[in-house]
Amino acid sequence: MKIKHKSHFTDINTKEFFGILPDNEAIHSYKLTNKNGMQATIIDYGATVTSLIVPLENGDLIDVVLGFDTLEKYLKSYSFSGAPYFGATIGRYAGRINNGTFTLNDKTYLLNKNNNNHAIHGGNIGFAQKKWEVETMTEGENQSITMTLLSPANEENYPGDLSVSLTYTLTDDNELQLEYNATTTQDTIINLTNHSYFNLNGHGSSVTDQEMIVNSDKILETSSENIPTGNILNLLNHPFDFRTPANCPSIIDNSFIIETKNDIAAALYSPTSRLRMTVYTDQPSVHVFVGGNCSTEIKGKEDVTYHALSGICFETQNYPDAPNQSRFPNSILRKEDKYHHKTVYKFQCI
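Before going into details, it helps to say that this report is about the structure given with it. (Residues numbered from 1 in each chain as written. Predicted model: local features only at pLDDT ≥ 70, side-chain atom pairs only at ≥ 80, totals over all residues. Heavy atoms only, no water.)

For the bond from Gly 91 to Arg 92, the omega torsion is 5°, close enough to zero to count as cis. With respect to the helices and strands, the residue Arg 92 is situated in the loop between strand 7 (89–90) and strand 8 (96–97). In this model, Asn 24 sits at a positive phi of 75°, which is unusual for a non-glycine residue. Within the secondary structure, Asn 24 is located in the loop between strand 2 (15–20) and strand 3 (26–33). Overall, Asn 24 belongs to the exposed group, its relative accessible area being 65%. Phi angles above zero are rare outside glycine, and Tyr 85 is one such case at about 55°. (Helix = DSSP H or I, 4+ residues; strand = E, 2+ residues; numbered from the N terminus. Buried < 20%, exposed > 50% of the residue type's maximum accessible area, 1.4 Å probe, protein only.)

Encoded structure:
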C-alpha cells in the first residue's frame with residue numbers, strides 16, 4: 001500500500017477543487033475507489049461525504065447519499081433553522097444536550113444553544129462547518145484518507161483543546177469504514193458521528209419503500225423537544241420495533257440502544273435496486289432519522305429537489321444528552337485517555 005502525504009496530492013483523479021470559503025480558504029474533494037467500481041467522494045469542509053457510488057448487479061452505478069454539487073450550497077444549507085448536515089462529521093457532541101448545559105468536574109459549562117433552548121451537533125459552528133486538514137491518502141487496495149481537526153479550548157464553550165483524526169477507508173469488499181480518534185488537553189465531553197442520508201434507490205427518490213432493520217429491543221424515551229427523559233423503553237409491540245424488516249417510517253428521530261458490539265447494528269434494503277447496506281459499530285446507539293427536506297431553496301446534486309422522505313440516517317454514536325444522564329454511557333474524555341470509534345457501512349447486491 002502506497003501512502004501519499006498532503007504535499008503529494010497532485011493527481012487530478014484524487015483531488016479536485018470544490019470551492020472557496022468566505023475567508024478565501026480553498027476546499028477540495030478527494031475520491032476513493034475500489035476494484036469493483038465503488039467510489040466515495042469526501043470534501044475537506046466538514047470531512048463531508050458528498051457522494052457514494054455503488055455498483056449494482058446489472059453493472060449500473062447508483063449514488064446512495066444525498067448531497068450538493070457546490071460548496072456554496074453546503075454553506076447556505078447551514079443557514080436553515082433545520083440544517084440537514086448532509087454527509088458531515090458531527091462534533092464535538094452529536095445529538096442534543098438539554099438546555100445547552102452540562103457539569104464536569106464540578107464546573108458547569110454553558111454551550112451555545114442552536115436547537116430551541118438546547119445545543120445540538122456541536123453548536124452554532126460545529127465540526128461540520130470547519131475546514132479539516134488532509135494528512136494522508138493511501139493508494140492501491142483499500143484506499144483511505146485521513147483528515148484531522150484541532151478544536152481549541154472554549155470553542156462553542158467546550159473545555160480543552162481537542163485533536164480529532166478521522167480515517168475513511170473504502171475496502172474491496174464494498175465497505176466504507178469510518179475510524180475516529182481524539183485526545184484532549186483537558187477533561188471534556190465528546191460524541192462524534194457521520195450524518196449521511198442514505199437512499200438505496202438513488203438520491204433522487206423516496207426511502208419509504210425500503211426495508212430497515214435495527215438490532216435493538218430498547219429505545220430512549222424522549223420529551224416533546226426530543227430530549228431523553230432518562231427512561232428506556234422496551235420495543236416489544238412498539239411501532240419502532242425493527243428487529244424484523246419493515247418499511248422505513250415517514251417520521252422517525254429516535255435513538256436505539258445497541259448492546260452487541262461488532263454484530264449487525266442496522267440494515268437497509270431496497271427491493272428495487274436489490275442493494276443492501278449493513279451497519280456495524282462499536283458505539284452504544286444508532287440514531288435513526290428520516291429527512292432531507294431543503295424545500296425549493298436549494299437543489300441537491302443533479303438538480304434534484306430533496307424532500308422530507310429523501311433519505312435515512314443511521315447515526316452511530318453515544319446517547320444524546322449523556323453528559324446530563326448518570327445512567328447513560330460515559331461521554332467524558334479524560335486528558336490522559338484516547339477516544340476511539342469505528343463504524344462500517346457495507347454494501348451488497350442481494
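A few words on the nonpolar core. Tyr 168, Phe 314 and Phe 347 are the most contacted members of the largest nonpolar core, which has 59 residues in total. Counting residues per element, this core draws most heavily on strand 14 (residues 162–170), at five residues. Each residue touching Phe 347, except ones within four places of it in the same chain, is listed here: Met 38, Leu 52, Val 54, Val 64, Asp 173, Asn 174, Phe 198, Leu 200, Leu 275, Arg 276 and Met 277. With 24 residues, the next largest nonpolar core counts Ile 43, Phe 68, Ala 94 and Val 304 among its residues. (Core = buried A, V, L, I, M, F, W, Y, C linked by side-chain atoms within 4.5 Å. Contact = heavy atoms within 4.5 Å.)

Overall, the coordinates contain zero disulfides when judged by the stated rule. Here Cys 248 stays free of any disulfide, with the sulfur of Cys 313 as its closest cysteine sulfur at 11 Å. On the basis of relative accessibility, which here comes to 5%, the residue Cys 248 falls in the buried class. In this model Cys 294 remains outside any disulfide bridge; the closest cysteine sulfur is found in Cys 313, 12 Å from its own. (Disulfide = S-S within 2.5 Å.)

Another aspect to go through is the packing of aromatic side chains. This structure, assessed with the given rule, holds 15 aromatic pairs. Their ring planes at 80° and their centres at 5.4 Å tell us that Phe 86 and Tyr 306 sit as a pair that is edge-to-face. Pair noted here: Phe 86 is in the loop between helix 1 (71–77) and strand 7 and Tyr 306 is in the loop between strand 25 (285–291) and strand 26 (311–317), with a separation of 220 residues, a long-range link. Look at Phe 102 and Tyr 109: their rings are 5.2 Å apart centre to centre, the planes differ by 15°, and that puts the pair in the stacked class. Residues Phe 102 and Tyr 109 agree in their burial class; the two are buried. Feature note: the residues Phe 18, Phe 68, Tyr 74, Phe 86, Tyr 197, Phe 289 and Tyr 306 constitute an aromatic cluster, connected by ring pairs. (Phe/Tyr/Trp six-rings, centres within 6.5 Å; stacked < 30°, edge-to-face > 60°.)

A few words now on the pattern of salt bridges. Inspection of the entire model under this criterion finds eight salt bridges. We note a salt bridge from Lys 130 to Glu 155, for which the minimum N-O separation is 2.6 Å. Within this pair, whereas Lys 130 is found in the loop between strand 11 (119–120) and strand 12 (133–139), its partner Glu 155 is found in the loop between strand 13 (143–151) and strand 14, the two being separated by 25 residues in sequence. By relative accessible area, Lys 130 is classed as partly exposed at 22%. Judged by its relative accessible area of 16%, Glu 155 falls in the buried class. In this structure, Arg 243 and Asp 241 form a salt bridge, with 2.8 Å as the shortest nitrogen-oxygen distance. For Asp 241, a relative accessible area of 21% corresponds to the partly exposed category. Taken together, the shared-partner salt bridges connect Asp 217, Lys 218 and Glu 259 into one network. (Salt bridge = Lys/Arg side-chain N within 4 Å of Asp/Glu carboxyl O.)

Read these as spatial facts, not as claims about activity.
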